[in-house]
Amino acid sequence: MATPLEISQLGNPILRQVAQPVFNIQDELLQIFIDNLLATLIRSNGVGIAAPQVGKSCRVLIVASRPNARYPHAPIMEPTAMINPQLVSHSGEVVKDWEGCLSVPGIRGLIPRYRQIEVEYTTREGQRIRRELSDFVARIFQHECDHLNGLVFLDRLESVRDIVTDQEYLSRLVPTQTVA
Ligand code: ZN
């Protein structure tokens, strides 16, 4: 039975560490951890989460896109655990959109991200995969991958003026999903 984990908040040094690569994919403890990470994501209604956000400094993230008010055409994808993920290449095109983060509660930021990316990661079954991601899913991946490198979305702000409170965001701007 998977157990949701406590989420590390901004100020916790683990969010500023570069996470360690994972070597033993078949390790039962790693598999249990991924189940718990997924349970944490589901409980918090996120669309993505990274291991450092639950206090474990290793290179594991989950992307779990689904349609929402701001991205009605966001692909529904099975929550996908990505181990040792890498950004292989990216489009020149950069788009700005709102992001939130479970580790940075109460605010949203307008964040520039590559619109299209090519990524590589190892599945929880141990298979190395290369695939293209675009738009909302690409945004989630970049946000979560930043967590593995000790970055949070605030580090990507072009201006502090691109920060709003959740309350203002929800009352004045088109609702979107917290990226997590
Ligand atoms: Zn986050």
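Residues numbered from 1 in each chain as written. Predicted model: local features only at pLDDT ≥ 70, side-chain atom pairs only at ≥ 80, totals over all residues. Heavy atoms only, no water.

**A word on helix H2 (residues 135–148)**
Next, step 1: Compared with an ideal rise of 1.5 Å per residue, which puts 14 residues at 20 Å, H2 spans 20 Å between its outermost C-alpha atoms and is within 8% of the ideal.
Next, step 2: With 13 of 14 residues buried, H2 lies mostly within the body of the structure.
Next, step 3: A positive backbone phi angle near 80 degrees is found at Gly-150, which sits one or two residues after H2. (Helix = DSSP H or I, 4+ residues; strand = E, 2+ residues; numbered from the N terminus. Expected span 1.5 Å × (residues − 1). Buried < 20%, exposed > 50% of the residue type's maximum accessible area, 1.4 Å probe, protein only.)

**With respect to the sheet that holds strand E2 (residues 60–63)**
Pairing between sheet strands relies on hydrogen bonds along the backbone, with the strands arranged either parallel or antiparallel.
Next, step 1: The antiparallel open sheet is built from five strands, whose spatial order is E1-E2-E3-E6-E7. A strand with exactly one partner marks an edge of an open sheet, and here the two such strands are strand E1 (48–50) and strand E7 (128–134). Averaged over all pairs of adjacent strands, the angle between strand axes in this sheet comes to 40 degrees, irrespective of strand direction.
Next, step 2: Across four bridges, E2 lies against strand E3 (residues 80–90) in antiparallel orientation. Residue pairing in the sheet places Val-60 in a bridge with Ile-83 of E3.
Next, step 3: Here H2 sits on the sheet and contacts E1, E2, E3, strand E6 (116–122) and E7; the angle it forms with E2, its principal contact strand, is near 160 degrees. (Pairing = 2+ DSSP bridges. Axes fitted to C-alpha atoms, helices over the stretch in contact; angles between N-to-C directions. Contact = heavy atoms within 4.5 Å.)

**Section: the sheet that holds strand E4 (residues 94–99)**
Next, step 1: Pairing in this open sheet of three strands is antiparallel, and the strands run E4-E5-E8 from one edge to the other. At either end of the open sheet lies a strand with only one pairing partner, and these are E4 and strand E8 (163–165). On average, adjacent strands in this sheet sit at an angle of 30 degrees to one another, irrespective of strand direction.
Next, step 2: Where H2 meets the sheet, it contacts E4 and strand E5 (107–114), and its direction lies at approximately 105 degrees from that of E5.

**Brief notes about the packing of aromatic side chains**
Next, step 1: With the rule as written, the count across this model stands at one aromatic pair.
Next, step 2: The residue whose ring lies beneath Lys-56 is Phe-33, and the NZ or CZ to ring-centre distance is 5.5 Å. (Phe/Tyr/Trp six-rings, centres within 6.5 Å; stacked < 30°, edge-to-face > 60°. Lys NZ or Arg CZ within 6 Å of the ring centre and 35° of its normal.)

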